[in-house]
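Summary of the model geometry
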Amino acid sequence: MVSVLKRSLAIITLLIIGYWLAQGLAGVPFGQDRMLVGKYYLENVKAQTGAVNAVTAIVVNYRGFDTLGEVTVLFIASTGVGALLWRRKKKRTAKTEGSVVLRTGSELLFPFILMFGTYIFIHGHLTPGGGFPGGATIATAFLILYMAFVDYEIPHRLFEPLEGLAGMGYVLVGLIGLAIGSYFLFDWIWQTWHWGAANLGRLFSGGFIPVIYTLIGLKVGTELSGIVDSMLTEEVRE
Amino acid sequence: MGEANRFSRYAYTVIVLFLIWVLLTASLDRQELIFGFLLSLFVASFTYPMFTSRGLGNLHPRRVAYAMAYVPYFLWAMIMANLDVAYRVLHPKRPIRPGIVHCKTVLKSNTGKLSLANSITLTPGTITLDVDGEDYFIHWIWVPDEVLGAKTEGEHVENASRNITRPFEKFLKVIFG
Amino acid sequence: MIGINVYLALIAIATLLAMYRFLVGPTTPDRLVAVDIMTTITTGLMVLFALYYGRMIYISVALVYAVLAFGGVIAFARYLEGGL
Amino acid sequence: MNVLSATGEALVLIGTFFYFLSALGLIRMPDVYNRMQTSTKSATLGSLGVIIGTGLWAVGMGHSVAWIVQTVVVATFILLTNPISAHALIRGAYRSGIPLWNGSVVDKYGEHLEAKAEAAENEKDEGDGE
């Protein structure tokens, strides 16, 4: 009886919250052209950023500072997980190994998923996606290896410096922008050099968006792999 | 089956990854090709030990020909499997007689075992439950009389293997060894 | 010919049936099978949507979804097995 | 409406029909193993039909050829991963102790696991004895 009561209480609460949210959304005018900022972006995105994907241009270029904040949030989350689950000596202690099918399958799929993750973040200025989904895909490749093998571990010695370097690289790109142009995260590759202006919409274009997305992809990938590692390793008792 | 030398394995991995890249981008733009080639060189440099053990030997014409022939054979088996499924699902009496049977395989390499298991999973009425060395344990939706009525373990394995693994092994033995 | 709406309706019915199994299914593996089927169906649906909107780049979204769903199902399966 | 897009559309129709069948199998079959039997196969072939059919349809409608390449990549990925995840799921289901349907006729895997456990036990006993 208690569980039924609890459940119905939860459903009623959800309904109230849902109604409240719907009320809020009902006030938003759909289909009316009131988006002055959006219009500005759509008109100027190609000339100002060199990217054909307006969403990415907004995320990385116009709102690059926000994205830096997001990366920082992720970094803090990963550090938090690491601090919570920190032990002096850690080791994989999975109980059983996956079957030969799963092991071989994960080994064969691993390079493919890595390639695909790289494809996502390097094409951030052309297709949907970008650093965050690309990094998540790369982390999935490592996660699948973790699932299949008892004794697999990511190369910590490589990953931890890489994570730091990628984060520093983001700030560094922004600081170069500050030195050349007038503000932090100034798109110096596009605004100053006009690099890639001849081939808009091809791979080597889009100003510093591919550079930043590569850094974000590496950072997110290594960080999420680190989180997976922290979650799946346990303390060794001697 | 010995391992090929490192260069051959590396080269094979690069070739396969580069092909995957071309298919993934679906474009022949020169910039994409250059970047893809560099990326496959990089990714292959640390994934080749797990990706392949025979290297360029996989591209032997005989193997490629058998692999080409395997694709339509497998697709046909898969379509048959689905007609079988449709029959069992839509039949009002639901004709199933499930059980787990035991098969043996002659395949040695892990890749061969993987493709055999996947082929079994996608073909009529069978799904691979576990693989332990050369023993396959297969959940069968309709265990036929000849397997069910087998007197000894050996006869059971023989009958089950003839039904399930043999048709694929003809191809897979050549492709993966 | 028949039009894309019919296909979308068929897919919707299939998803609802799978959803029924997900909500009812007596054991955890039952629910997981339903989830597996739903993710497969969703991948196909995403490719269909790419055609609906006429944008090729949306296909890579379907591929990302397939990769992530594979990882998720494997994780659940290994957890069921008691192997993690 | 040319041949290519008609073929593609027919493939999509067949694929969605198999999706429907797989969901129906999920409802009708008695236990988790049989559900997996029917639904995995149908869902995989259904995906192949829908995805490749979409590619053909798009090319027939006048989009670029890259559509068919990309859809084939997605279809191949599904074809590779779906059996692996089905295998992992059914193994997990068996190992987590879901019993076979009572209409089942034979269970060699259970016997194999028992024999293995017994052998391990014997080995351990011998090791203790020495």
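Just so you know, these numbers come straight off a predicted model, no measurement behind them.

**Quick look at the interface of chain A and chain D**
- Tallying the contact residues gives 9 residues for chain A and 7 residues for chain D.
- Here chain A meets chain D over a buried area of about 680 Å², counting both sides, of which 76% is carbon and sulfur.
- At the junction of chain A and chain D, the tally comes to 0 salt bridges.
- Seen at the junction of chain A and chain D, the total is 1 residue pair in polar contact (both at pLDDT 80 or more).

**So, the packing of helix H5 (residues 100–122) of chain A against helix H6 (residues 131–148) of chain A**
Residue and element names in this part refer to chain A.
- Running from N to C, H5 and H6 cross one another at 170°; their axes reach a closest spacing of 8 Å. Between H5 and H6, the crossing angle belongs to the class labelled roughly antiparallel. When H5 is examined against H6, the residues Leu102, Arg103, Ser106, Glu107, Phe110, Ile113, Leu114, Phe116, Gly117, Thr118, Ile120 and Phe121 are found in contact with a partner set consisting of Gly131, Pro133, Gly134, Gly135, Thr137, Ile138, Ala141, Phe142, Ile144, Leu145 and Ala148.
- Tallied by class, the residues present in the contact of H5 with H6 amount to 14 nonpolar, 7 polar and 2 charged.

**Here's the deal with the pattern of salt bridges**
- Inspection of the entire model under this criterion finds 11 salt bridges over all chains.
- The shortest N-O distance in the salt bridge between B:Asp145 and B:Arg97 comes to 2.9 Å. One end of the pair, B:Asp145, is in helix H5 (residues 145–148); the other, B:Arg97, is in the loop between helix H3 (61–90) and strand E1 (99–104), with 48 residues separating them in the sequence.
- Residue B:Asp145 is classed as exposed on the basis of its relative accessible area of 56%.
- Using a relative accessible area of 19% as the deciding quantity, one classes B:Arg97 as buried.
- Notably, a salt bridge pairs B:Asp130 with D:Arg91, separated by 3.0 Å at the nearest N-O pair. A residue pair is termed interchain when its members come from two chains, as with B:Asp130 in strand E2 (residues 126–132) and D:Arg91 in helix H3 (residues 66–95).

**A look at the pairing of strand E3 (residues 135–140) of chain B**
Residues and elements named next belong to chain B.
- The element E3 is largely enclosed, with a buried count of 6 among its 6 residues.
- Burial along E3 is two-sided: the residues Asp135, Phe137 and His139 and Tyr136, Ile138 and Trp140 are all buried.
- Sheet topology places E2 next to E3; 6 bridges connect them, and they run antiparallel. Bridging from a neighbouring strand, Ile127 pairs with His139 of E3.
- Between E2 and E3, which pair antiparallel in sequence order, lie 2 residues; one of them, Gly133, sits at a positive phi of approximately 65°.

**Describing a nonpolar patch on the surface**
- Taken together, the side chains of A:Val171, A:Leu172, A:Leu175, A:Ile176, A:Leu178 and A:Ile180 make up a nonpolar region of the molecular surface, amounting to roughly 480 Å² of accessible area.
- As for its position among the elements, A:Leu172 is in helix H7 (residues 156–180).

**Points about the interface of chain D and chain B**
- In this complex, chain D contributes 42 residues to the contact, which on the side of chain B involves 47 residues.
- When the two sides are added together, the surface that chain D and chain B hide from each other amounts to roughly 3800 Å², 70% of it contributed by carbon and sulfur.
- If you sort the residues of chain D by the area they bury against chain B, D:Arg28, D:Lys41 and D:Lys108 come out on top, with a joint share of 19%.
- Across the chain D-chain B interface, the total number found is 3 salt bridges.
- Across the chain D-chain B interface, the total number found is 17 residue pairs in polar contact (both at pLDDT 80 or more).

**A closer look at the nonpolar core**
- Core analysis: the biggest nonpolar cluster contains 134 residues, and A:Phe116, A:Phe142, B:Val101, B:Tyr136 and C:Leu48 have the highest contact counts within it.
- Element by element, the count of residues in this core is highest for H5(A), at 14 residues.
- Two domains share this core, each providing at least three of its residues, namely domain 1 (6–59) and domain 2 (61–176) of chain B.
- Sequence-distant contacts of A:Phe116, defined by excluding residues within four places in its chain, comprise A:Thr137, B:Leu24, C:Ser60, C:Leu63, C:Val64 and C:Val67.

**Some remarks on a negative patch on the surface**
- Together, D:Glu114, D:Glu118, D:Glu121 and D:Asp125 give the surface a local cluster of negative charge.
- Counting through the fold element by element, D:Glu118 comes out in helix H4 (residues 108–129).

**Quick word on the packing of aromatic side chains**
Residues and elements named next belong to chain A.
- For the structure on display, the rule yields 29 aromatic pairs over all chains.
- Taken together, a centroid distance of 4.5 Å and an interplanar angle of 40° make the contact between Tyr41 and Tyr62 tilted. Remark: Tyr62 occurs in helix H3 (residues 54–62) and Tyr41 occurs in helix H2 (residues 36–49); sequence separation between them is 21 residues.
- Of the residues examined, Tyr41 reaches a relative accessible area of 13% and is grouped as buried.
- Given the relative accessible area of 26%, Tyr62 is considered partly exposed.

**Some points on the domain arrangement of chain B**
All names here are of chain B.
- Each assigned domain of chain B is listed here: domain 1 (6–59) and domain 2 (61–176).
- The C-alpha centroid of domain 2 is placed 32 Å from the C-alpha centroid of domain 1.
- Facing 4 residues of domain 1, the contacting portion of domain 2 comprises 5 residues.
- With both chains or domains summed, domain 1 and domain 2 bury close to 350 Å², and 34% of this area falls on carbon and sulfur atoms.
- Viewed at the interface, domain 2 and domain 1 are joined by 0 salt bridges.
- At the surface where domain 1 touches domain 2, the tally comes to 0 residue pairs in polar contact (both at pLDDT 80 or more).
- Its residues assigned to classes, the side of domain 1 that touches domain 2 shows 1 nonpolar, 2 polar and 1 charged.

**Some details on unusual backbone geometry**
All names here are of chain B.
- Even without being glycine, Ala26 reaches a positive phi, approximately 55°.
- Mapped onto the elements, Ala26 comes out in the loop between helix H1 (6–25) and helix H2 (30–51).
- Notably, Arg94 is not glycine yet its phi reads approximately 55°, a positive angle.

**Considerations on the sheet that holds E2(B)**
Residues and elements named next belong to chain B.
- Read from one edge of the open sheet, 3 strands run E1-E3-E2, paired in antiparallel fashion. Edge positions in the open sheet fall to E1 and E2, since each of these has one partner strand only. Across this sheet, the average inter-strand angle for adjacent strands is 30°, counted without regard to direction.
- Strands in contact with helix H6 (residues 153–164) are E1, E2 and E3; relative to E1, the strand with the most contacts, it is inclined by about 85°.

Cut-off values and rules
Residues numbered from 1 in each chain as written. Chains lettered and ligands numbered in written order. Predicted model: local features only at pLDDT ≥ 70, side-chain atom pairs only at ≥ 80, totals over all residues. Heavy atoms only, no water. Contact = heavy atoms within 4.5 Å. Buried area = accessible area lost by both parts, 1.4 Å probe. Salt bridge = Lys/Arg side-chain N within 4 Å of Asp/Glu carboxyl O. Polar contact = N/O pair within 3.5 Å; in protein donor to acceptor, adjacent residues only side chain to side chain. Axes fitted to C-alpha atoms, helices over the stretch in contact; angles between N-to-C directions. Helix = DSSP H or I, 4+ residues; strand = E, 2+ residues; numbered from the N terminus. Parallel < 35°, antiparallel > 145°, perpendicular 65-115°, else oblique. Nonpolar A, V, L, I, M, F, W, Y, C, P; charged D, E, K, R; others polar. Buried < 20%, exposed > 50% of the residue type's maximum accessible area, 1.4 Å probe, protein only. Pairing = 2+ DSSP bridges. Patch = residues over 30% accessible without salt bridge, like charges linked within 9 Å, V, L, I, M, F, W, Y side chains within 5 Å. Areas by Shrake-Rupley, 256 points an atom, 1.4 Å probe, with all protein chains shown as cover. Core = buried A, V, L, I, M, F, W, Y, C linked by side-chain atoms within 4.5 Å. Domains from an automatic or database assignment. Lys, Arg positive; Asp, Glu negative; His and termini not counted. Charge placed at Lys NZ, Arg CZ, Asp CG, Glu CD. Phe/Tyr/Trp six-rings, centres within 6.5 Å; stacked < 30°, edge-to-face > 60°.

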